[in-house]
Amino acid sequence: MLDRASGPLLEIKDLHAWYGESHILHGATFNVQAGEVVTLLGRNGAGKTTTMKSVMGIVGKRTGSVKFEGRELINLASDTIARAGIAFCPEERGIFASLDVEENLMLPPQVRPGGLSREQIFELFPNLRERLKSQGTKLSGGEQQMLAIGRILRTGARLLLLDEPTEGLAPVIIQQIGNTIRKLKEQGFTILLVEQNFRFASTVADRYYIMEHGKIVEQFANSELNKKLETLHEYLGV
Amino acid sequence: MDINLPALFGQLLIGLINGSFYALLSLGLAVIFGMLNIINFAHGAQYMMGAFVAYFLLQFAGLNYWWALIVAPVIVGGFGILIERAFLQWLYKLDHLYGLLLTFGLALVIQGLFRHQYGSSGLPYQIPPQLTGVRDLGFTFLPNYRAWVVVFSLVVCLGTWFIIEKTRLGAYLRAATENPTLVRAFGINVPRMITLTYGFGVALAALAGVMAAPIYAVNPTMGADIIIVVFAVVVIGGMGSIMGAIVTGFGLGVVEGLTKYFFPEASNTVIFVIMVIVLVTRPAGLFGRAA
């Protein structure tokens, strides 16, 4: 998977990002190959979420290079970036209170052909079908997370950015989300995952990058996981 | 107390007419505030511009009332879009006060220009021939034009409500009101949507202006007279609620009309008294969501 002739789907070089005066990313460099599930690990404040937001174009100032399918995105507005074929599921889930579940699900416009149909989304998340007319924020945390993931599968985007999809959820729901991510990978989606929950990440990821102080400090494949446990301890304190 | 039915219904009807304009104008303000976070004090001036554009269209282009209903909102709405691009777009991240001050200044400039050119005595605008005459309802006489104003503004208000609450476009608008950054990250051009929303809100004001032209003369101060009451209506209904703006607009028009009959001395202040009571008991307004 690492040696694709076509080059990586997402290629990030020397990415810097700022929130106002504070410099958060200090030259992050990494890549994601088509069809991979790649996890960004790191302590709170290491810059994982900022990395996702920088890819998506929703950080105030950013420099460096973010290439998707060879196209430079660093200076584009976030709606143009989304239309290039990238979809983002934020950490806080971003379910809209003034929209019902169905409206939330149908909100993101199709950016490319080939997204999942409503039926396919209901197969992944049967709970949603039962709650279509409920107010979006009346769902349980787990259902909101399913809705937040489900709605970006419709759009035809092939690269999904999932920011801590398991945060605050019960183990049985975490398992369901893990199954979903594996199914999505089978269907050819490429996923960049931010996780604090290393145990969960290890059940879905092909590769890992560890971030610290706004940089990538370590990378390894899932097969090297056992060798790297000590390094992980050091960086994550797990 | 003896009730004089024709007089009572007469005042009720005037109340409904005023309520139609309150509803249309506060609806526009609510739509604009929801999306832009701007308290559009120029709304009254834009309403006045709608009436003037209708007058110009008739005088200089020979376009009658029915054309004016379509063309004037487009022209004034386009003017609103220029205002948004030139001025308002720089204010979204600032406190509400800046938008209020800017649009207040714009209102003064626009109104001043028109008064300089046309004085303040008012220009006549005829009721379209199809809508002249009155209908005898038995207990009172109903001028056709006034019935049209009430029915048409109700249709426009409910149509706007439907678009915002029940359509996909409306879902974009509601979602962008809550979290514009995320909506944009889904691939929707939110800045363009904001611009068009302002244009639409301004067009609603202009439409009200066209409808008002045959009832009140076309006058540079007509917007300044009504906008203060409309702001009270918005405060009572609660900022940001579409149905709230409509119901409160019509309702307060009727309350005002009834007051003119039962206690005329209070008719000019009743809305402000209600505003004070609402602010004390429900600061977010009757239909508003608490912040």
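Scroll up to find the structure.
Residues numbered from 1 in each chain as written. Chains lettered and ligands numbered in written order. Predicted model: local features only at pLDDT ≥ 70, side-chain atom pairs only at ≥ 80, totals over all residues.

Counting its regular elements, chain A contains nine helices and 10 strands. Along the first, second and third principal axes, the C-alpha atoms of chain A reach 45 × 40 × 40 Å. Across the 238 residues that make up chain A, the buried fraction comes to 47%. (Helix = DSSP H or I, 4+ residues; strand = E, 2+ residues; numbered from the N terminus. Buried ≥ 20, exposed ≤ 12 C-beta atoms within 10 Å, placed from the backbone.)

Turning next to the overall build of chain B. Across its full length, chain B carries 11 helices and two strands. In terms of C-alpha radius of gyration, chain B reaches 19 Å, essentially the compact-globule figure of 19 Å for 291 residues. With the principal axes as the frame, chain B shows a C-alpha extent of 60 × 50 × 35 Å. Within chain B, the proportion of its 291 residues that are buried is 49%. When contacts within chain B are restricted to residue pairs at least 6 apart in sequence, long-range pairs at least 24 apart make up 77% of them. (Rg over C-alpha atoms; globule rule 2.2 N^0.38 Å. Contact = placed C-beta atoms within 7 Å.)

This paragraph deals with the packing of helix α2 (residues 43-61) of chain B against helix α4 (residues 96-118) of chain B. All names here are of chain B. Look at α2 against α4: their axes get within 9 Å of each other, and the N-to-C directions meet at 30 degrees. Put simply, α2 runs roughly parallel to α4. Our pair here, α2 against α4, has a crossing hand that is left-handed. In this structure, α2 uses G44, A45, M48, M49 and F52 to contact α4, whose residues at the interface are L106, A107, I110, Q111 and F114. Residue composition of the contact of α2 with α4, by class: eight nonpolar, two polar and no charged. (Axes fitted to C-alpha atoms, helices over the stretch in contact; angles between N-to-C directions. Parallel < 35°, antiparallel > 145°, perpendicular 65-115°, else oblique. Left-handed = near helix turned anticlockwise from the far one by under 90°. Nonpolar A, V, L, I, M, F, W, Y, C, P; charged D, E, K, R; others polar.)

Glancing now at helix α3 (residues 65-86) of chain B. Residue and element names in this part refer to chain B. Along its 22 residues, α3 runs 31 Å from first to last C-alpha, staying within 8% of the 32 Å computed at 1.5 Å per residue. The principal kink in α3, of about 30 degrees, is found at V71, preceding the proline P73 by one to four residues. Among the residues of α3, those classed as buried are Y65, A68, A72, P73, V76, G77, G80, I83 and E84. Buried-residue contacts for α3 involve α2, α4 and α8 (190-212). (Expected span 1.5 Å × (residues − 1). Bend = angle between axes of the 7 residues up to and from the residue.)

Quick look at the nonpolar core now. Across soluble globular proteins, nonpolar side chains show a tendency to be buried alongside one another. Judged by nonpolar contacts, the single largest core of 159 residues is most densely connected at I86 of chain A together with A206 of chain B. Considering each element in turn, this core owes the most residues, 16 residues, to helix α1 (residues 5-36) of chain B. Those residues in contact with I86 of chain A that lie beyond four places of it in its chain are V55, M56, F68, I81, A157, L159 and L161 of chain A. (Core = buried A, V, L, I, M, F, W, Y, C linked by C-beta atoms within 7 Å.)

Here we come to the pairing of strand β1 (residues 10-19) of chain A. Every other side chain in a regular strand lies on the same face of the sheet, so the side chains alternate between the two faces. All names here are of chain A. Direction of pairing for β1 relative to strand β2 (residues 22-32): antiparallel, over a ladder of eight bridges. Note on β2: the bridge partner recorded for E11 is N31. In sequence, β1 turns back onto β2 through a hairpin of two residues, with G20 there showing a positive phi of about 60 degrees. Looking at chain direction, β1 and strand β4 (residues 61-68) are connected through seven bridges and run antiparallel. Residue L10 lies in a different strand from β4, and its bridge partner there is F68. (Pairing = 2+ DSSP bridges.)

Turning to the interface of chain A and chain B, a few remarks are in order. Contacts between chain A and chain B engage 19 residues on the former and 15 residues on the latter. For the side of chain A that touches chain B, the leading source of residues is helix α2 (residues 78-83) of chain A, giving four residues. For the side of chain A that touches chain B, the residue count by class is 13 nonpolar, three polar and three charged.

Below, the discussion takes up the environment of P165 of chain A. Residues and elements named next belong to chain A. Along the chain, the position of P165 falls in the loop between β7 (159-163) and α7 (171-186). What makes P165 buried here is the crowd of 27 C-beta atoms within 10 Å. Placed 71 residues apart in sequence, P165 and L236 show a C-alpha to C-alpha distance of 18 Å. Contacts of P165, omitting those with residues within four sequence positions, involve C89, Q145, I149 and I177.

Residues and elements named next belong to chain A. Taken in spatial order, the four strands line up as β2-β1-β4-β5 in an open sheet, and their pairing is antiparallel. Where the open sheet ends on each side, the last strands, each with one partner, are β2 and β5 (71-72). Most of the contacts of helix α1 (residues 48-56) go to β2, to which it runs at about 75 degrees, and overall it touches β1, β2 and β4.

Residue and element names in this part refer to chain A. If you walk across this open sheet you meet the six strands as β6-β7-β8-β3-β9-β10, and the pairing is mixed. In the strand order of this sheet, the two ends are held by β6 (86-89) and β10 (215-221), each with one partner. Neighbour-to-neighbour, the strand axes of this sheet turn through a mean angle of 20 degrees, independent of strand direction. As paired strands, strand β3 (residues 37-41) and strand β9 (residues 207-212) are joined by four bridges and run parallel to one another. Paired with L40 across the strands is Y209, a residue of β9. Relative to β7, α1 is tilted by about 145 degrees, and along the sheet it contacts β3, β6, β7, β8 (190-194) and β9.

Here we take up the pairing of β6 of chain A. Residue and element names in this part refer to chain A. The two faces of β6 match: I86 and F88 on one face and A87 and C89 on the other face are all buried. When β6 meets β7, the two strands line up parallel, connected through four bridges. Residue pairing for β7: C89 is matched across the bridge by L162.

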